[in-house]
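Next come the chains, spelled out residue by residue.
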Amino acid sequence: MIDRREFGRLLGGMALVTSGVRAVTAPALATGKAKVVIVGGGAGGGTVARILKTEAPQLDVTIVEKREIYTSCFNSNHFFGGFRSFASLQHSYDGLRKLGITVANDIATDIDVSGKTVKLAGGGTLAFDQLVLSPGIGFNYSAIEGYSAEAAEILPHAWTAGSQTLLLMQQLEAMDDGGVVIMTVPGNPYRCPPGPYERACMIAHYLKMHKPKSKLVILDAKTTFSKQGAFEEAFDKYYSGIIDLNLTNEIDDFRVVRVDANTREVETASGLKLKGAVVNVIPVQTAGEIAIAAGCADAKGWCPIKPQNFASALVDGVYVLGDSAIANDMPKSAYSANSQGRVVAADILAALTGGEPGVARYRNTCWSLLAADDSIKIGADYTPGEKDGKPILVPHDPFVSQKGETAEMRRKNYAEGLAWYHAIISDAFNDNAALTQKG
Ligand SMILES: Cc1cc2nc3c(=O)[nH]c(=O)nc-3n(C[C@H](O)[C@H](O)[C@H](O)COP(=O)(O)OP(=O)(O)OC[C@H]3O[C@@H](n4cnc5c(N)ncnc54)[C@H](O)[C@@H]3O)c2cc1C
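Summarised in this report is the structure supplied together with it. What you are looking at is a predicted structure, and each value in this text was computed from that prediction instead of being measured. (Residues numbered from 1 in each chain as written. Predicted model: local features only at pLDDT ≥ 70, side-chain atom pairs only at ≥ 80, totals over all residues. Heavy atoms only, no water.)

**Overview of the pairing of strand 23 (residues 374–387)**
Pairing of strand 22 (residues 362–371) with strand 23 involves 9 bridges; the strand directions are antiparallel. Looking at strand 23, one finds that C366 is bridged to I378. Joining the antiparallel neighbours strand 22 and strand 23 is a turn of 2 residues, in which D373 adopts a positive phi near 60°. Taken together, the 9 bridges between strand 23 and strand 24 (residues 390–400) define a ladder with antiparallel strand orientation. Note on strand 24: the bridge partner recorded for T383 is V394. Between strand 23 and the antiparallel strand that follows it, strand 24, lie 2 residues; D388 among them carries a positive phi value of about 50°. (Pairing = 2+ DSSP bridges. Helix = DSSP H or I, 4+ residues; strand = E, 2+ residues; numbered from the N terminus.)

Here is the structure:
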């Protein structure tokens, strides 16, 4: 949840910036409307836009977003377990438009950083004074033979939310009792490190309630994973006989290297072949395509950033935040994207006014639902620092749920996670309906 401490910090930072907006006669603001273009209206981009327009209404803020409705990946696993409706994950851009933000329902196809323009698929071109990229993730389909955007219509990833989420749920519902569901999990880094294991719990919960003879086989490219102790305890406690977790070890490499969409067969690096009734392939990921096209990504496909403000480390004059950024130990989560968005907004306001942005502080917390009223969490704070002469984000005060915690603590975690969902939707989409919406 965005707690009092964090709100306090934000307000502190923004107060500093706001006084800058009012006090300084800055060229960009004084000579007319400075133009900020934000590509990607998700957890990161929405946050930047909302804060900028709220703090400096004279700014011309445009979001370029390809989807008319945002369906949040965060909490989408709850849908598979029956703990949240699909509609409750969907949010319009009306709240941001009401603030005076322009939301262009279009696709950014090209960026000219020196000419300061963004080209749109619809034929338009947008000029900017400040550019922010928060386009989420792209998929590296070539990492698994036989997987492609077309194959994903049969073997859904559901790692961007929307039609893929519905497709996976429809397949689970259509499956016979006794069917095998296969989930393939990539190596790090990827969007939401604990996401696959929360999904495993939620799919297993669905199977336990509706198709108890069925199984969920996880084929994982990794040897360890986020919140592992508490997750494995939940697999035993709630889903024994349903979840079959296969982590890569010295003998078997469970990294999936080939899939066949016609037969729903998957093959691992160590030669294991398995057929599923439903196959959920979580692909190898990269930064969003447009961030790569803008030259902001390194050879591994992610965008290195400057820890003090999430400006690209590779291309001057561009901010890259959210999942596209590679930010040391800071995980790819909506909480992180929202926290980074606050810093980026403060930095832009400072740049446009000549004010001081203040010292950046970031935070992440990620809750995972195991079963009814039983959630675990992991998190840390992060500040800019240095290691071996290189700028990095240094983690502070990390915490992670442990095995054997009380039911009361787990219930409290669940309530915190729900409150956080409402808070981030309000923060990134100016959608306060979420505050009164239940589940
Ligand atoms: C199953 C699952 C569960 C998760 N659970 C949690 C959780 O519990 N807590 C948590 O904090 N995080 C969670 N996450 C992670 C979270 O969803 C992401 O980290 C977060 O959405 C990242 O924000 P972002 O702004 O980088 O990207 P997004 O929120 O994905 O926003 C990117 C936006 O950019 C748009 N876009 C991309 N390219 C273009 C273009 N060229 N032109 C126009 N628009 C474009 C996309 O349509 C999208 O709307 C989960 C993820 C998954 C998959």
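So, next bit.
**Section: the environment of I51**
As for its placement among the helices and strands, I51 is situated in helix 3 (residues 43–55). Along the chain, I51 and A428 lie 377 residues apart, while their C-alpha atoms are 8.5 Å from each other.

**Considerations on the packing of aromatic side chains**
Throughout the structure, instances matching the rule amount to 18 aromatic pairs. Consider the rings of F231 and F235, whose centres lie 6.3 Å apart with planes at 45°: the pair is tilted. Here the residue F231 and the residue F235 both occupy positions in helix 8 (residues 228–239), the gap between them amounting to 4 residues, near one helical turn. Given the relative accessible area of 0%, F231 is considered buried. Summarising the aromatic geometry, the rings of F310 and Y362 are spaced 5.2 Å apart at their centres and angled 65° between planes, so their arrangement reads as edge-to-face. Taken as a pair, F310 in the loop between strand 19 (303–304) and strand 20 (318–320) and Y362 in strand 22 lie far apart in primary sequence, 52 residues in all. For the pair formed by F310 and Y362, the shared burial category is buried. Members of the aromatic cluster, each reached through a chain of ring pairs, are Y70, F74, Y93, Y335, W367, W420, Y421 and F429. When the ring centre of Y421 is taken as origin, the NZ or CZ atom of R84, which lies over that ring, is 4.1 Å away. Lying across the ring of W302, K332 places its NZ or CZ 4.0 Å from the centre. (Phe/Tyr/Trp six-rings, centres within 6.5 Å; stacked < 30°, edge-to-face > 60°. Buried < 20%, exposed > 50% of the residue type's maximum accessible area, 1.4 Å probe, protein only. Lys NZ or Arg CZ within 6 Å of the ring centre and 35° of its normal.)

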